[in-house]
Amino acid sequence: MSMEVIQTIDGLWRAKHHLCREFATKNQKRPYVGLVPTMGNLHHGHLSLVRRMVDECDVSVGSIFVNPAQFAPGEDFSEYPRTPEADLMQCEDAGVDIVFMPESDALYTQDHSTEVIVRKLTERYCGAERPGHFAGVTLVVAKLLNIVHPDIAYFGQKDYQQFRVIERMVRDLDFPLDLAMCPTVREPDGLAMSSRNAYLAEDERKAAATIYSGLQELADAFATGQDGAEALKEVARTELAEAVQLEYLEIANAWSLDPKESAASGDVVLIAAKVGGIRLIDNIVLAAGDENAH
Ligand code: AMP
């Protein structure tokens, strides 16, 4: 069956209702519905989420929406890469049932006046560097969850803080769904795939790879018994290329994201840096000894 591309909320409800009824009639059970929210310009990272959804769900919905609310003032909203045709082809190839691709005014009415704010978890790291960013993320994700009503929504580990923030919103507001965190998909040299990587010049692209090699060095040092956070962070800093301007590097509790002085297995290392003006983020979860750290 061919994929449907829907631009309005009403249209999405109708298309989803129709597919769900068809599935229920045929299979005599309620379908399991999945959602992968994206801002488009799809790469293998996004597609890993999409493929997992298609694999696990009876009805799969992808959304493509460059959400103005999550770009802080002066950020790259208007230049954010938009490649709708290629995105739709990739979704269709992956077996997605519905792509929800609303225009901005289909999601936000002019007198829109509701905020969705998760406190504390959003105050550090990307939240501190990008004022208003997480409020924009939680607002659009809350709206998408209410529009699509999925049983499960898939997000990438790449945006680790974002995952924890969405998870807290879902818990605090009793959204009835499961969340899945999917592993970060990387380029062969380790750089986490990101739509913003395309902005990097060749030398910057090389320098950017040291963000992940720095994280790996840190994780290796931890695995061999070092646990002082300062010393561990220094291991990563030493690895970073000169062109990498560190924004933050922190070893944190995986759930509360509170910084740690002494690292433990399961803690997450969060990093953000600018390379040639392009802001990149990454993270790694620490594992002791011969547990797999990466
Ligand atoms: P975005 O389009 O940047 O909003 O990303 C949409 C979803 O894809 C988010 O849940 C991201 O965490 C996830 N994602 C982006 N890049 C990657 C990657 N390299 N590996 C895994 N997931 C990713």
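Fair warning: this is a prediction, and the values are worked out from it, not measured in the lab.

Cut-off values and rules
- Residues numbered from 1 in each chain as written.
- Predicted model: local features only at pLDDT ≥ 70, side-chain atom pairs only at ≥ 80, totals over all residues.
- Heavy atoms only, no water.
- Helix = DSSP H or I, 4+ residues; strand = E, 2+ residues; numbered from the N terminus.
- Rg over C-alpha atoms; globule rule 2.2 N^0.38 Å.
- Buried < 20%, exposed > 50% of the residue type's maximum accessible area, 1.4 Å probe, protein only.
- Contact = heavy atoms within 4.5 Å.
- Areas by Shrake-Rupley, 256 points an atom, 1.4 Å probe, with all protein chains shown as cover.
- Lys, Arg positive; Asp, Glu negative; His and termini not counted.
- Charge placed at Lys NZ, Arg CZ, Asp CG, Glu CD.
- Near = heavy atom within 4 Å.
- Polar contact = N/O pair within 3.5 Å; in protein donor to acceptor, adjacent residues only side chain to side chain.
- Nonpolar A, V, L, I, M, F, W, Y, C, P; charged D, E, K, R; others polar.
- pLDDT = per-residue confidence, 0-100.
- Expected span 1.5 Å × (residues − 1).
- Pairing = 2+ DSSP bridges.
- Axes fitted to C-alpha atoms, helices over the stretch in contact; angles between N-to-C directions.
- Left-handed = near helix turned anticlockwise from the far one by under 90°.

(A) Quick peek at the overall build of the chain. Within the chain, the regular secondary structure consists of nine helices and nine strands. Computed over the C-alpha atoms, the radius of gyration of the chain is 20 Å, within 12% of the 19 Å expected from 2.2 N^0.38 for a compact globule of 294 residues. With respect to the three principal axes, the spread of C-alpha positions in the chain is 60 × 40 × 35 Å. Looking at the chain residue by residue over its 294 residues, the buried ones come to 53%. Taking contacts inside the chain between residues at least 6 apart in sequence as the whole, the part at least 24 apart equals 71%. Roughly 14200 Å² of accessible area belongs to the chain as shown, and the carbon and sulfur atoms make up 49% of that amount. Here the chain carries 27 positive and 46 negative side-chain charges, and the mean point of each set is 5 Å from the other.

(B) Here's a closer look at the site of the ligand. Taken together, 17 residues form the shell around the ligand, and within it Met 39, Gly 156, Asp 159, Val 185 and Met 193 come nearest. For the ligand, an oxygen atom lies 2.9 Å from a polar atom in the backbone of Met 39. Contact between the ligand and His 46: an oxygen atom at 2.9 Å from a side-chain N or O atom of the residue. Considering each element in turn, the shell around the ligand owes the most residues, three residues, to helix H2 (residues 44–56). By residue class, the composition of the shell around the ligand is eight nonpolar, seven polar and two charged.

(C) Layout of the confidence of the model for the chain. Looking at the chain, pLDDT values average 96 and 98% of them are 70 or higher. Of all the helices and strands in the chain, helix H4 (residues 104–107) carries the lowest mean pLDDT, 90, while strand E5 (residues 152–156) carries the highest, 99.

(D) Geometry of the environment of Met 89. Counting through the fold element by element, Met 89 comes out in helix H3 (residues 84–94). Look at Met 89 and you get exposed, because its relative accessible area is 57%.

(E) Representation of helix H6 (residues 133–148). For H6, spanning 16 residues, the distance from its first C-alpha to its last is 22 Å, which sits close to the expected 22 Å at 1.5 Å a residue. The element H6 is extensively covered by neighbouring structure, given that 14 of its 16 residues are classed as buried. Trailing H6 by a residue or two, His 149 shows a phi angle of about 50 degrees, which is positive.

(F) The arrangement of the sheet that holds strand E1 (residues 4–6) in detail. Overall, parallel pairing links the six strands, which are arranged E1-E4-E3-E2-E5-E6 in an open sheet. Among the strands making up the open sheet, the edge pair consists of E1 and strand E6 (178–182). Shown here is a sheet whose adjacent strand axes are inclined to one another by a mean of 25 degrees, direction ignored. Of the pairings in the sheet, the one linking E1 to strand E4 (residues 98–100) comprises three bridges and is parallel in character. The partner of Ile 6 across the bridge, within E4, is Phe 100. Packing of helix H1 (residues 9–27) onto the sheet brings it into contact with E1, strand E2 (33–38), strand E3 (59–64) and E4, and relative to E4 it is tilted by some 165 degrees. Sitting on the sheet, H2 touches E2, E3, E5 and E6, and the angle it makes with E5 is about 155 degrees.

(G) A look at the pairing of strand E9 (residues 278–285). Of all eight residues that make up E9, seven are buried, and the element is covered over most of its length. Bridge count for strand E8 (residues 268–275) against E9 is eight bridges, and the pairing is antiparallel. Pairing of Val 268 across the sheet is with Val 285, part of E9. Linking E8 to E9, which pair antiparallel, is a turn of two residues; within it Gly 276 sits at a positive phi near 55 degrees.

(H) Inspection of the packing of helix H8 (residues 202–223) against helix H9 (residues 229–239) at higher detail. Two numbers describe how H8 lies on H9: the axes approach to 8 Å, and their chain directions differ by 150 degrees. Seen from above, H8 lies across H9 with right-handed handedness. Side by side, H8 and H9 meet where Thr 210, Ser 213, Gly 214, Glu 217, Leu 218, Ala 221 and Phe 222 of the first sit next to Leu 232, Lys 233, Val 235, Ala 236 and Glu 239 of the second. The residue inventory of the contact of H8 with H9, partitioned by class, reads six nonpolar, three polar and three charged.

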